[in-house]
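# Notes for the structure review
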Amino acid sequence: MSQTSLPTRKTSALQQAGIEPGHLEASDICISELREAGLLRLHSLLVPERLQKALAGCDINLPLQGNESFGHEPLALCLRPGEWLLVSEMNQIHELLQRLKPVLATEELSTGQSAKTSLLDFSDGHAVFRLSGKAAPWLLSKISSVDFLAAAANGQHAVRTRMGQIAVVVSYHPASDAGSEFVFDLIFDRSVAAYLWQLLVTSVSHAQELAAEFAEDRQ
Amino acid sequence: MSQALPEQANRRTQGGYIDRSRLLNFQFNGRAYTGFAGDTLASALLACNVQMLSRSFKYHRPRGVFTAGEEEPNALLEIGEGARREPTVRAPVVTLFDGLVARSQNCWPSVEFDVGRVLDYTHALWPAGFYNKTFKWPNWHFWEDTIRRTAGLGRPLTEADPDRYEHLNLHCDVLVCGGGPTGLIAALTAGRAGLRVLLVEQGEEFGGVLNWEHCELNLQSGREWVRTLMLELVSLANVMLLPRTTVTGCYDHNVTTLLQRSSGLNWRECYWTVRPKHIVLASGAIEQGMIFRNNDRPGIMLAGAARHYLNRYAVAPNAPVVLATNNDTAYQTVLDLREANIPIDTVIEAREAISPALQLRMKQLGVEVLTGSRVADTRGDTAIRELSIESLKGGSLGRRECKLLAISGGWAPRVHLFCHARGELKFDASSQSFRPYRLPKNFIVIGSANGTAGLAECLAEAGSSVSRICAELGAGGALSDLPSIQREPIAGGQIRSLPLDRSKSRQWIDLAHDVTVGDAELAVREGYVSVEHFKRYTTTGMSVDQGKTGNLNAFIALGGLTGQDMAAVGTTTFRPPYMPVTLGAIAGPYAADLFAPKRLLPAHQLHLRLNARIEDYAGWQRPACYPRDTEDQEAAIQREVLAVRASVGFFDNSPIGKIEVRGPDAAEFLDHFYINNVLNLETGRVRYGLMLNERGIIIDDGVFMKLADHHYLLNTTSGGAGRICEMLEEWWQCEWPDSQVLIDDVTTQWANFTIAGPKARELIGKLGTNIDLSAQALPHMAVCQGKLAGLDVRIVRVSFSGELSYEINLPAGFAGYFMQAVLQAEAEFAITPYGVESLFVLRTEKGYLHLGSDTDGSTIPDDVGWGRVARNKSTDYIGKRSLQLEANQGQQRQQLIGLKALDVNQVMRPGAHLRFGDDDKSGIGSAGWISSACFSPNLKTHIALAVLRGGRDKLGEIVTVLDEEERYQARVVPPVFLDPENNRLSL
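The structure reproduced in this document is the subject of the present report. (Residues numbered from 1 in each chain as written. Chains lettered and ligands numbered in written order. Predicted model: local features only at pLDDT ≥ 70, side-chain atom pairs only at ≥ 80, totals over all residues. Heavy atoms only, no water.)

## What to know about the overall build of chain B
Applied cut-off: Going along the chain from the N terminus, every DSSP run of H or I of four or more residues is numbered as a helix, and every run of E of two or more is numbered as a strand. Burial classes: relative accessible area under 20% of the type maximum marks a residue as buried, over 50% as exposed, and values in between as partly exposed (1.4 Å probe, protein chains only). Two residues qualify as a contact provided that any one of their heavy atoms is within 4.5 Å of a heavy atom in the partner residue. Residue burial considers only the protein chains on display, and all accessible areas are found by Shrake-Rupley using a 1.4 Å probe.
From N to C terminus, chain B includes 27 helices and 51 strands. If you line up chain B on its principal axes, its C-alpha atoms span 115 × 70 × 55 Å. Residue burial in chain B is summarised as follows: out of 987 residues, 60% are buried. Across chain B, contacts joining residues at least 24 apart in sequence account for 65% of those joining residues at least 6 apart. Roughly 38,700 Å² of accessible area belongs to chain B as shown, and the carbon and sulfur atoms make up 51% of that amount.

Written out as structure tokens, the structure reads:
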């Protein structure tokens, strides 16, 4: 029997829904699926400060407060005390996983009990959309009750919220290029990617209108 | 001077703030009319001298325009056509546009001649609450249809709404409700202090009364002053201005909802949810009507509204005009009308005396002021033409010809939003009104909404109150420069209760719902003397206007009838929404395809390529079956079922819930949730389990497996993962917070494919694996990990089909790859993809329980054959105590059984009820019902699972099946129809 060769790229959440290219660029807004994003979920019963100290040795700056996010590669988001998401490139995730496992095992050993930490690869179960541009906070404000317009004032941070009945982690970080003030990454369940995409795309025109009318640089 | 248009007979050639260069054509009741840009529908109709616009709700009496705002109780029209038809819109707030089509409603055949008027002539038959006591013979249902068809105002839409509606959430420091002068100063003060401000105005333009009253501020006209202020507000980047927006409700924690009407074509309405730190209510006040006989005719209008139409829209009323009032503000109408050379010679003044200044002014104008008097009655059919006057001390004061009767019963603070936010009102004897008393947190009321009289006083209050908010929020709090006021409208609009003339019943207290003094008397006579009871009995204040111009009249009437003052009568409760909100706005974008999230399988596209018939199962879009060529669904299902039993089938089971639980206390923690023993499960083994709630009811089922020490994976029902995960979290956080467990929902991380059938093992072997698949190494109810088709997988040997079956878990991103790899083996194995409907047939043949079909909100383990396991478990679990209740014991509960129709060709359907032979004669209700049914292609007959009272003791007995009108007989059999020895499972 002929064997299908193992693919190097996985099927992305929007590809699975038949949505290509998973990128929308319009005036004041850009939405794209980050197909190369990889995610690890770290969930631990260990003392967070101790874990933070241990992971600092792996170049991971672990935030301790809910809604905090630190770092870039990987980006570490604190979802709630004892629960984090680590976001990186998909091809870095396996290496990151291997790097963290022994550190966590050592920490567990020191407590005398095993299975106090779970480190799971969530890359396949989740999708990531990136929103940028002046209208991005308006677009998000259309589908979530979080104050995204104050995002820049709050600096890099993350929130867990609901958008159109979907649980979404929103990670705000300053844009790397000067052209775009706001960059938001939406991290959510893979199975609803097509629905959220449609909701965002449908909402774009009104968000553009709002940005044009109310954005602070309207003068 | 502009040229007068003949069709706009009442339009003045000068004045007003309309654009006479832009003529707009519109239709009303099929007739063509014209108006100008800047008009409302009401002003345009009045300009065209259309007095009668509609018929009243109950008695079908002629009605005209009564107000100039959203409080309008009379001029409720239908506008638009087709799917964009909108019933019961208030003519004064509809902005006129070219091509507008409007119609009267609640009349037939026309508004001029309405057959329904017979209800007015026979009004004695229809007092308040008549429908509760009159139509008892022969019974209510005999009359119901006729009454319901007669009741109501507009016609509901039947077509789908073609328009788009938007939603928006917003946070701000200060939300200012009301864009009148007070609101403008409030917004400017907060805006200058750098706070994030949202200023909301219901109308098209900001400025409120300054746009049409004769005012002078800072030596500018009111309108000019507003324009100057707006220039500054627009320049402040931290201030958002929202015209055409109504604040519809204030809720806990200052959450406020707004309804914005679009000025463009992209969307129709936007529903805002605003979370401000502080709310400033500057909503103004509403002028109230007066109670007298036949006070509802077209041509009777609030004095402020008459002034509004004159000054803002240059609409001259039909003359002569008479004014009836009990307060000073209405005299401004006299002054404005006289300034416009419109005849008004009589003022019917309820007070015994007016101020000397006013008296002198009226005298100079030659206006007769009849103090201590009131309107006794009015005459006229389609519009008022004459009124009679009486002294409050008794005695007639004669009659007057009258084409417009301007009335003013005083001004009531517009406190609805304050009440939504649970603010407390208190009757203020000095202003004779209910004023805000106990403020909700971070909520202030300013200006006339607070009962403050006078423009200067209102502006000063706005500046100082908002400065305090600024200081509280650490934003400076500099007081805005208040304007000097050279001219302002006459202030002093206190409400005064007049003695109720109880000899006349046909005096309207609520125009919108046709509630009269007679209704009020009846309510009081029948004991409804509490204001809340009174409201519900008479339905006053319960129409679309929610009593904005009628409530105070109702309180006055109730006070007059019960001998109480207004303070003792109290108020009713104002509830959201302040104005009707369209369902489209509430739904927003969440309609049609976006109504609810649709969850897609990781290999969704491949299923489509296989011609899958996709259906929704608990939010998941899954293949029901895969019809080939001309097959219908039933044929496809039968083919797929036979293929699984004969060879091998392939099923995408990815939605099955997957929850990982790990931690030193994982086993003990999970043991609380299952009726089955978790503690003695060995690593690598799988067990089926039932989860119960505290009442012992089954809430989920599925297998759980031990992957390693302190590490378990639970499978839940498809679509149940989120619910069960939340339940585990809740119990952990609330009951066992010291348990050392970690709970992770990994449902979508893993795709799950089932390969089932006698050739399943052979097929998996061909895919290339390092796992020993033999029955000894991987027996039924075991789990292992390894490589398959080059992927890291977890294989669980469990079955929901009754066949040799492997569930293969692999990273979801490789689902498509794996599915293609499997289907490549089709030629060799005749592998058949099968859908959910086929799986349901397979599991029904095997008698496997399907949660939600074979169980309901009362099913306990014993009902489905798991009683012994539940009873024998020694450790405690959720629901265990409830199972010991008497109601959960005994053999008379409804138990899961199988059914076979005596006629093998008889189609059985879920939902059909079962009766024992004797029940049928005695009329005893249902003994149970069919919970699952299908045609079994393997048994070549229809089979069913059912729940039946005492069913396990009835094996072999005959029951009657009632399926709507159909009756047939079936035999009670064990629920397992196929392979009861499980030989196929243990291959």
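## Points about the sheet that holds strand 7 (residues 100–103) of chain B
Residues and elements named next belong to chain B. Short version of the rule: Pairing between strands requires that DSSP locate at least two bridges from one strand to the other. Lines fitted to C-alpha atoms define the axes here, with helix axes fitted over just the stretch in contact, and angles between the N-to-C directions of these axes take values from 0 to 180 degrees.
The strand order 2-1-7-5-6 describes an open sheet built from five strands, whose pairing is mixed. The open sheet has two free edges, formed respectively by strand 2 (31–37) and strand 6 (86–90), since each of these has just one partner strand. When the angles between neighbouring strand axes are averaged without regard to direction, this sheet yields 40°. Alignment of strand 5 (residues 76–79) against strand 6, held across three bridges, turns out to be antiparallel.

## Digging into unusual backbone geometry
The peptide bond linking Glu20 of chain A to Pro21 of chain A adopts the cis configuration, its omega dihedral lying at 5°. Tracing the backbone through its elements, the reader meets Pro21 of chain A in the loop between helix 1 (13–16) and strand 1 (23–26). For the peptide bond that leads from Trp137 of chain B to Pro138 of chain B, omega is -10°, which places it in the cis range. With respect to the helices and strands, the residue Pro138 of chain B is situated in the loop between helix 3 (130–133) and helix 4 (140–150). Within the chain, Ala789 of chain B stands out as a residue other than glycine whose phi angle is a positive 50°.

## Brief notes about the interface of chain A and chain B
Short version of the rule: Computed with a 1.4 Å rolling probe, the buried area is the accessible surface lost when two parts are put together, summed over both parts. We define a salt bridge as a contact between a side-chain nitrogen of Lys or Arg and a carboxyl oxygen of Asp or Glu at a distance within 4 Å. Nitrogen and oxygen atoms within 3.5 Å of one another constitute a polar contact, given that in protein one can donate a hydrogen and the other can accept it, and given that sequence-neighbouring residues count only through two side-chain atoms. Nonpolar residues are Ala, Val, Leu, Ile, Met, Phe, Trp, Tyr, Cys and Pro. Charged residues are Asp, Glu, Lys and Arg, and all others, Gly as well, are polar.
Opposite the 60 residues of chain A that make contact, chain B presents 65 residues. Both sides of the chain A and chain B interface together cover about 5,300 Å² of buried area, and 54% of this is carbon and sulfur. For the pair chain A and chain B, the number of links is five salt bridges. As a salt-bridge pair, Lys142 of chain A and Glu166 of chain B come within 2.6 Å of each other at their nearest N and O atoms. Linking chain A with chain B are 32 residue pairs in polar contact (both at pLDDT 80 or more), by the criterion used here. Looking at which element gives the most residues to the side of chain A that touches chain B, the answer is helix 6 (residues 193–214) of chain A, with ten residues. In terms of residue class, the side of chain A that touches chain B is made up of 20 nonpolar, 27 polar and 13 charged.

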